[in-house]
Protein chains: 2
Amino acid sequence: MVRKERVVTVEGLRDGKGTVEIHHFLEKEELLGHATMYARVIVKPHSSIGWHQHVGNTEPYAIIKGEGTFIDNDGSKIAVHPGDVCLIEVGQYHSIENNTDEDMEMIALIINEEAK
Amino acid sequence: MVRKERVVTVEGLRDGKGTVEIHHFLEKEELLGHATMYARVIVKPHSSIGWHQHVGNTEPYAIIKGEGTFIDNDGSKIAVHPGDVCLIEVGQYHSIENNTDEDMEMIALIINEEAK
């Protein structure tokens, strides 16, 4: 079957600034217990997702459009572009900012920790 | 950490026609036993991924660019566009074709069957 992604608009996500659009590809129950979110995430101009920790799971970001700044667990700021994948380990923190005048888009997948 | 996606070019994928570019976001071992592939897939103009079955896993396609034709398990052909998510159940078949003059891009995730 083919159906539409589900779009949610959030202000101040994880205490970030501005607006983030989350285009959910799958619902939690469709991820079969392996993951809790799977979505295309649009960080609008001059917006961000705030600093947050991943306990019991990890959340790689795959950049597909625009430019942003990834803040890694150690606080380092890294310029990111399409083709970049931002990784964190389970238990680590991260955030991401779009300080440009264009949308930044990425694919986000929250994967559970426990291996099968 | 931030690193680049890994790009592989394949001709005749699953006995399809033409060229498909697979931009792997994560490697299998980074998917922690939950999934076996996670990638941005570019189906080049007049190319396709052939008809194939998913045993023990499922593979939703999330269309993010261009236009294509999804062939569902029952053989029905469905025109797909950005924002569409193509779902199959474990054990089902699918294929996808790009019969246009522009690239078609989608996000593919092969998720294992067993729930945790």
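Basis of the calculations
- Residues numbered from 1 in each chain as written.
- Chains lettered and ligands numbered in written order.
- Predicted model: local features only at pLDDT ≥ 70, side-chain atom pairs only at ≥ 80, totals over all residues.
- Heavy atoms only, no water.
- Least-squares fit on C-alpha atoms with pLDDT ≥ 70 in both.
- Contact = heavy atoms within 4.5 Å.
- Pairing = 2+ DSSP bridges.
- Helix = DSSP H or I, 4+ residues; strand = E, 2+ residues; numbered from the N terminus.
- Axes fitted to C-alpha atoms, helices over the stretch in contact; angles between N-to-C directions.
- UniProt positions renumbered as here; feature names shortened; annotations may be inferred.
- Buried area = accessible area lost by both parts, 1.4 Å probe.
- Salt bridge = Lys/Arg side-chain N within 4 Å of Asp/Glu carboxyl O.
- Polar contact = N/O pair within 3.5 Å; in protein donor to acceptor, adjacent residues only side chain to side chain.
- Nonpolar A, V, L, I, M, F, W, Y, C, P; charged D, E, K, R; others polar.

### Here we look at the relation of the copies chain A and chain B
- With an RMSD of 0.0 Å, the operation that places chain A on chain B is a rotation of 180 degrees combined with a shift of 0.0 Å along the axis. Taken together, these values place the two copies in the relation of a two-fold axis. Residue A:H34, judged by its C-alpha, is the member of chain A lying nearest the rotation axis, at 2.7 Å.
- A high fraction, 100%, of the interface residues of chain A reappear at the interface in chain B, so the copies pair face to face through one surface.

### Quick notes on the sheet that holds strand β5 (residues 47-53) of chain A
Residues and elements named next belong to chain A.
- Judged by pairing direction, the sheet is antiparallel, and its 4 strands sit side by side in the order β5-β11-β8-β9 without closing on themselves. Taken across any chain shown, the strands that pair with only one partner, and hence form the sheet edges, are β5 and β9 (77-80). Here the strands of the sheet are splayed against their neighbours by 20 degrees on average, with no regard to which way each runs.
- Inspection of the sheet shows strand β8 (residues 68-71) paired to β9 by 4 bridges, in the antiparallel sense. Bridge assignment links G68 to a residue of β9, and that residue is V80.

### Quick word on the UniProt feature "domain: Cupin type-2" (unreviewed entry) in chain A
- The feature "domain: Cupin type-2" (unreviewed entry), as given by UniProt, occupies residues 40-108 of chain A in the numbering adopted here.
- Helix makes up 0% of residues 40-108 of chain A and strand 58%. Its end C-alpha atoms lie 6 Å apart.

### Some points on the interface of chain A and chain B
- In this complex, chain A contributes 37 residues to the contact, which on the side of chain B involves 37 residues.
- With both sides pooled, the region where chain A packs onto chain B buries about 3200 Å², and carbon together with sulfur makes up 64% of that total.
- Inspection of the region where chain A meets chain B yields 2 salt bridges.
- A salt bridge links B:K4 to A:D84, with the nearest nitrogen and oxygen atoms 2.7 Å apart.
- Linking chain A to chain B there are 13 residue pairs in polar contact (both at pLDDT 80 or more).
- Of all the secondary structure elements, the ones that give two or more residues to the side of chain A that touches chain B are β1 (2-4), β4 (35-43), β7 (61-65), β9, β10 (84-86) and β12 (104-112) of chain A.
- Among the elements that take part in the side of chain A that touches chain B, β12(A) stands out by supplying 5 residues, more than any other.
- Residues that form the side of chain A that touches chain B fall into these classes: 22 nonpolar, 5 polar and 10 charged.
- Here 3 bridges tie β1(A) to strand β10 (residues 84-86) of chain B, and the two strands are oriented antiparallel to one another.

### Considerations on the sheet that holds strand β8 (residues 68-71) of chain B
Residue and element names in this part refer to chain B.
- Read across the sheet, 4 strands follow the order β5-β11-β8-β9 without closing on themselves; strand pairing throughout is antiparallel. Two strands in the sheet have a free side with no partner beyond their single neighbour: β5 (47-53) and β9 (77-80). Across this sheet, the average inter-strand angle for adjacent strands is 20 degrees, counted without regard to direction.
- Here β8 runs beside strand β11 (residues 93-98); their pairing, made up of 3 bridges, is antiparallel. Across the sheet, residue T69 finds its bridge partner in β11, namely E97.

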